Structures are given as structure tokens and as C-alpha cells.
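Residue-level structure breakdown
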Amino acid sequence: MIARNGSTSGAFRRSGTALVGPLREFLESLEPLMLSLFVVATVAVAVGGWWVVSWFRRPPGVRFQRLLGEYDHVAVVMHPNPDPDAMSCAMGVARIAETVDTEATLQYAGEIRHQENRAFRTVLDLDLEAIESSSQLAADAVVLVDHNTPRGFAGSQTVEPIAVVDHHPGNGAGTEFTDVRTEYGAASTIVVEYLDELGASMNGGDGLEVSPELATGLLYGIQSDTKHLTNGCSRAEFDACAALFDAIDEDLLDRVANPQVSDDVLQVKATAITEKRVEGPFAVCGVGEISNVDAIPQAADELMQLEGVTAVVVYGEYDGTIHLSGRSRDDRVHMGETLRHAISDIPMANAGGHARMGGGQVSVDHIDGIGPSDGISRNEFEERLFSAMSGER
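Residues numbered from 1 in each chain as written. Predicted model: local features only at pLDDT ≥ 70, side-chain atom pairs only at ≥ 80, totals over all residues. Heavy atoms only, no water.

This next bit is on helix α4 (residues 84–98). The end-to-end C-alpha separation of α4 is 21 Å, in line with the 21 Å expected for 15 residues at 1.5 Å each. In terms of burial, α4 is a largely internal element, 13 of the 15 residues being buried. (Helix = DSSP H or I, 4+ residues; strand = E, 2+ residues; numbered from the N terminus. Expected span 1.5 Å × (residues − 1). Buried < 20%, exposed > 50% of the residue type's maximum accessible area, 1.4 Å probe, protein only.)

Our focus in this paragraph is the sheet that holds strand β1 (residues 73–77). One open sheet holds the six strands; their spatial order is β3-β2-β1-β4-β5-β6, and the pairing between them is parallel. The sheet is open, and its two edges are formed by β3 (128–130) and β6 (177–180), each paired on a single side. For this sheet, the mean inter-axis angle between neighbouring strands, taken without regard to orientation, is 25 degrees. Looking at chain direction, β1 and strand β2 (residues 103–108) are connected through five bridges and run parallel. Residue pairing for β2: V77 is matched across the bridge by Q107. In this fold helix α6 (residues 187–197) packs onto β5 (163–166) and β6, with an angle of close to 115 degrees to the strand it touches most, β5. (Pairing = 2+ DSSP bridges. Axes fitted to C-alpha atoms, helices over the stretch in contact; angles between N-to-C directions. Contact = heavy atoms within 4.5 Å.)

To continue, consider the sheet that holds strand β10 (residues 321–328). Taken in spatial order, the six strands make up an open sheet running β7-β8-β9-β10-β12-β11, and their pairing is mixed. Of all strands in the sheet, those with a lone pairing partner are β7 (277–279) and β11 (350–353), marking the two edges. The average angle at which neighbouring strand axes cross in this sheet is 15 degrees, direction not considered.

Right, let's get into the nonpolar core. In terms of nonpolar packing, the biggest core is built from 58 residues, with F64, M78, V143 and L195 touching the most fellow members. Element by element, the count of residues in this core is highest for α4, at nine residues. Ignoring any residue separated from it by four or fewer positions in sequence, one finds L195 in contact with I96, A200, L208, V210, L214 and L218. Grouped together as the second largest cluster of nonpolar side chains are 23 residues, M335, I343, A351 and A388 included. (Core = buried A, V, L, I, M, F, W, Y, C linked by side-chain atoms within 4.5 Å.)

Across all of its chains, the model carries five aromatic pairs by this definition. Each ring, one from F64 and one from F177, has its centre 5.1 Å from the other, and the planes form 35 degrees; the classification is tilted. Taken together, the residues span a long stretch of sequence, with F64 in helix α3 (residues 60–68) and F177 in strand β6 at a distance of 113 residues. Owing to a relative accessible area of 0%, F64 belongs among the buried residues under this scheme. On the numbers, 5.4 Å between centres and 35 degrees between planes, the contact of F64 with Y194 is tilted. Separated by 130 residues along the polypeptide, F64 in helix α3 and Y194 in helix α6 bring together distant segments of the chain. Pair check on accessibility: F64 and Y194 agree, each one buried. (Phe/Tyr/Trp six-rings, centres within 6.5 Å; stacked < 30°, edge-to-face > 60°.)

Running from N to C, helix α5 (residues 115–123) and helix α9 (residues 250–257) point in directions that differ by 150 degrees, and their axes come no closer than 8 Å. Between α5 and α9, the angle is such that the two are roughly antiparallel. Along the contact surface, α5 presents A119, F120 and V123, while α9 presents L252, R255 and V256. Residues that form the contact of α5 with α9 fall into these classes: five nonpolar, no polar and one charged. (Parallel < 35°, antiparallel > 145°, perpendicular 65-115°, else oblique. Nonpolar A, V, L, I, M, F, W, Y, C, P; charged D, E, K, R; others polar.)

What follows covers the confidence of the model for the protein chain. Close reading of the predicted structure is inappropriate where its pLDDT is low. Considering every residue of the protein chain, the mean pLDDT works out to 88; 83% of them sit at 70 or more. Every residue in residues 1–16 is under pLDDT 50, and counting partners more than four places away or in other chains gives three contacts. Confidence drops under pLDDT 50 across residues 51–55; counting only partners more than four residues distant or on other chains, this segment forms one contact. (pLDDT = per-residue confidence, 0-100.)

Have a look at this one:
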């Protein structure tokens with residue numbers, strides 16, 4: 001306890017005086033040259049400490065730009081079958097790489113099939129390269145965008161990315177830079193923040209210029225992954241869209257957002273609507289063999305418009321694989337976990353996703369009983385899906 005009569009504070013003053021005396025004697029004992037060296041060393045330590053603190057407190061965008069500048073060439077790899085969010089992220093990374101004279105090649109596995117995705121690529125005139133194996137990667141230095149674990153091509157498990165920029169849950173990381181923000185609705189939002197941290201100009205002023213194509217792409221990337229800012233948004237999405245607004249091209253945005261729909265997609269949607277099974281607030285539909293995998297999530301979106309339905313799963317068969325897509329606006333149904341539970345004991349099956357949407361793939365051979373599985377009928381499979389949505393599985 002501090003004494004009321006001030007004796008403790010007096011002790012502090014005496015202690016301070018006792019310390020000052022020896023320090024003064026030490027400084028006075030030094031030769032002028034030694035004193036100068038002592039002062040210089042002290043200043044150097046202070047400046048060095050300030051520099052270290054400043055280094056570690058740099059914004060992520062600045063650190064990411066500096067990392068890209070250490071390489072002559074990077075491969076910016078999107079997730080398989082990339083969507084507008086993945087493609088716009090890759091565009092943004094390429095623009096940042098350009099500011100430090102680093103060449104960036106944009107690559108992806110799989111296909112770009114969905115009419116929205118094809119329109120995005122065509123309208124914005126994107127130069128993207130498809131790959132089937134790790135040997136086709138354009139550079140040893142790999143940056144992953146909109147996913148955090150390499151997948152979808154032969155040898156992907158051997159790839160160690162130098163950087164990861166993503167908003168999906170997962171354990172993947174870059175060897176030198178990792179920025180995974182699962183609370184964000186779109187990875188494009190992160191790239192917009194990088195551009196802002198680098199002093200980018202959205203309206204033709206000085207500094208790092210953001211082209212109308214890039215601004216439009218990033219805006220639509222955010223919109224597409226958040227269902228036009230109505231699903232899974234954080235405040236950051238709204239701030240990013242506001243920042244981009246002055247630089248977008250409205251004509252480009254309209255052409256990307258309203259592409260024509262192919263006949264096969266309309267047929268799958270029609271099948272989902274007319275042949276669905278509804279149990280309580282949940283709906284499931286198998287649409288049979290399909291020619292366009294991207295019709296599955298679009299059919300799931302259509303079923304979510306049904307009054308009284310809060311969660312849906314649509315599945316169809318393509319090239320020996322059953323593709324699943326689920327949607328949920330039911331707080332009791334985490335769609336990613338629901339699909340994972342429904343197929344957990346089927347060999348070679350995989351599924352996952354967010355609370356509001358998820359997807360998965362199951363081998364037709366394994367669901368039919370080839371290998372260690374006993375096999376299940378399509379009716380039993382649908383019962384599994386209903387049970388998983390009900391929380392019974």
C-alpha cells in the first residue's frame with residue numbers, strides 16, 4: 001500500500017536520483033569518441049526497433065505486393081471450374097504483380113462451363129490457361145486465390161504455394177503469406193482492400209490505376225458470391241463495392257450479369273421443379289444424367305424460391321460422378337456439414353461448403369456397391385439427404 005504521508009513517493013525520487021548519479025558518472029568517464037559511439041549505438045537501436053515494429057505492422061496489401069516483387073514470374077491459380085469471385089481475384093493479383101514488374105499467368109483446372117462464368121471471361125477479355133497437371137504450372141512460385149489447398153489437377157498435392165488469399169474455411173496456407181478471412185463473403189473483397197492499402201485510384205487520379213474491367217470484375221465477383229449482397233455479407237463487402245463504384249463500366253456489368261441461358265440448363269431446372277421430393281421444409285431432386293454440371297447449382301437456386309422450403313439438395317450424374325449442390329436459409333441446416341454427413345461412409349466421396357451453400361461428388365460405381373461399399377439405391381440416397389438436413393444423421 002502507498003503511504004498517505006508520501007514516504008513511498010519520496011523513496012521513488014531518491015531511487016531515481018541514485019540511478020541518475022552513476023549514469024552521469026559513466027557518461028562523463030567516456031572519451032569523446034566513445035561517447036559519440038555510445039550515442040550512435042543508442043540511436044541505431046531505437047531506429048532499428050521502430051523499423052522492426054513498422055515492418056510487422058505493414059498492411060497485408062503492402063506485404064503481399066513486396067512478396068510478389070521478389071519473383072520474376074508467378075502462377076496465379078484459381079480453384080477448379082472458377083467462378084467470377086476466383087477470376088476477379090486473379091485479375092487483381094495480376095494487377096498488383098504488374099506494379100512490381102512481376103509477370104503473372106492466370107491458371108485453373110477443370111472447365112469454365114456456367115454461362116455466367118463464360119460471359120465473365122469473354123466480356124472482360126481474360127487471358128486464362130487451363131491445366132491438367134502440376135507440370136503445366138507457369139512458374140514455381142504459385143499464388144492460390146479463392147481456395148487454400150491446391151486441387152483438381154494431377155500432382156496438386158505436391159504444390160506448395162508461396163501465398164494464399166481466400167475466404168473459405170480450410171487448413172491450407174502459403175509458405176510465405178497467408179490471408180484467409182472466413183468472415184468475409186467474397187475473396188474479391190480482400191483484393192479490393194489490398195488495392196486500397198496500395199493507394200489505388202478508382203477514378204482516374206494519380207497512383208495505381210484500377211481499370212474499368214478490373215473494377216467491374218471485382219464488383220461482380222463480390223455480388224456473385226454474396227447473391228447480390230444478400231447472403232453471407234460482412235460490412236467489408238459493402239465498403240468494397242462503394243469503393244469500386246466510380247470505376248465500373250455499367251455496360252460491361254450488364255453483359256456479365258445477364259448472359260443467355262442454354263437449353264440444357266433450362267431443362268435441368270424444369271426437371272428439378274417438376275420432379276422434386278418435398279418433406280416438410282426440405283426438398284431433394286435427382287435430375288438424372290446431365291451434360292452441364294453447372295446446371296446443378298442453378299437448379300438448386302431455383303428450388304430455393306419455393307414457398308415454405310428452407311433447404312434443398314439437387315444431384316445429377318455426369319461422366320460417372322454424381323454431383324450434389326445444396327442451399328439453405330434454415331439456421332438449423334449447415335449445408336456444408338449436411339452434405340458431408342450424408343456421404344461420410346461412401347468411399348471416394350467428398351463434400352463440404354458454407355452454412356448456406358455446399359457441394360459434393362460421389363462416384364457412381366461406389367454408390368452402386370463397387371469396392372468396399374455395399375451400395376445404396378437412389379431412393380435410399382435421398383432418404384439420407386433428408387435425414388441429414390433434419391439432423392438425424
